[in-house]
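# Understanding the architecture of this molecule
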Amino acid sequence: DTAVSQTPKYLVTQMGNDKSIKCEQNLGHDTMYWYKQDSKKFLKIMFSYNNKELIINETVPNRFSPKSPDKAHLNLHINSLELGDSAVYFCASRPTGASYEQYFGPGTRLTVT
Amino acid sequence: AQRVTQPEKLLSVFKGAPVELKCNYSYSGSPELFWYVQYSRQRLQLLLRHISRESIKGFTADLNKGETSFHLKKPFAQEEDSAMYYCAPLKRTGRRALTFGSGTRLQVQP
């Protein structure tokens, strides 16, 4: 049973297109995240939602818009894709409480050509 | 500025050799500290956290507040330890979100 899943796994698209990446967790967690991992393996937080409410919004271009239809889903929509958006995007979730163990999805490799 | 530094991008050792992956942080207060690991073709997962004082897969990490370090150690490396390792401090107050270091790739050669 996959705990945190992302679709698609790979996404190749052209500059200027709009695309979405979906994330779902079946762990009953309240908090979900999006991270970006660049080609140098730097892992940087982009957004965090708690119970469908945005709580962290890092300095990310407003072409990136997260959407949480319910607390089990956190989707990432990207408008007007640019070459620099090419990266691996990871979704993660964690339960409410003292533990800060985050459970990561398998990642979505986005390639913008 | 709050920062976490993993000075080595790549650490290559032979099987059976001791391993130390370095992590230094500059955070106000006393952050909680975590090590995450990403094995080839697997997802990122928690390896250990400093408050648990546990040993996982033979790895330990001691928080040194004087040196603001949280180095990850293992006395005898195994080939299956080859992976990407990330140090991640967490502030105890304010915005609670993990900040990941740049990662260190550990390569254990036979």
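All names here are of chain A. Summed over all chains, the structure comprises one cavity of 30 Å³ or more. Roughly 30 Å³ of volume is contained in the largest cavity. Lining the largest cavity are Asp30, Met32, Tyr49, Asn50, Asn51, Lys52, Ser68, Asp70, Lys71 and His73. Elements represented by at least two residues in the lining of the largest cavity include exactly β5 (43-50) and β7 (64-70). Split by residue class, the lining of the largest cavity holds two nonpolar, four polar and four charged.

So, on to the pattern of salt bridges. Counting across every chain of the model gives seven salt bridges over all chains. With a closest N to O distance of 3.2 Å, Lys22 of chain B and Glu20 of chain B form a salt bridge. Since its relative accessible area comes to 29%, Glu20 of chain B is described here as partly exposed. The salt bridge partner of Lys73 of chain B is Glu20 of chain B, with a shortest N-O separation of 3.7 Å. Of this pair, Lys73 of chain B sits in strand β8 (residues 69-74) while Glu20 of chain B sits in strand β3 (residues 19-21), and the two are 53 residues apart along the sequence. Connected through shared salt-bridge partners, Arg63, Glu82 and Asp85 of chain A make up one network.

Calculation criteria
- Residues numbered from 1 in each chain as written.
- Chains lettered and ligands numbered in written order.
- Predicted model: local features only at pLDDT ≥ 70, side-chain atom pairs only at ≥ 80, totals over all residues.
- Heavy atoms only, no water.
- 1 Å grid on protein atoms, 1.4 Å probe; cavity = no way out; pocket = protein on both sides within 12 Å on 5 of 7 lines; lining within 4 Å.
- Points joined across faces, edges and corners; volume = space filled by probe spheres on them.
- Helix = DSSP H or I, 4+ residues; strand = E, 2+ residues; numbered from the N terminus.
- Nonpolar A, V, L, I, M, F, W, Y, C, P; charged D, E, K, R; others polar.
- Salt bridge = Lys/Arg side-chain N within 4 Å of Asp/Glu carboxyl O.
- Buried < 20%, exposed > 50% of the residue type's maximum accessible area, 1.4 Å probe, protein only.

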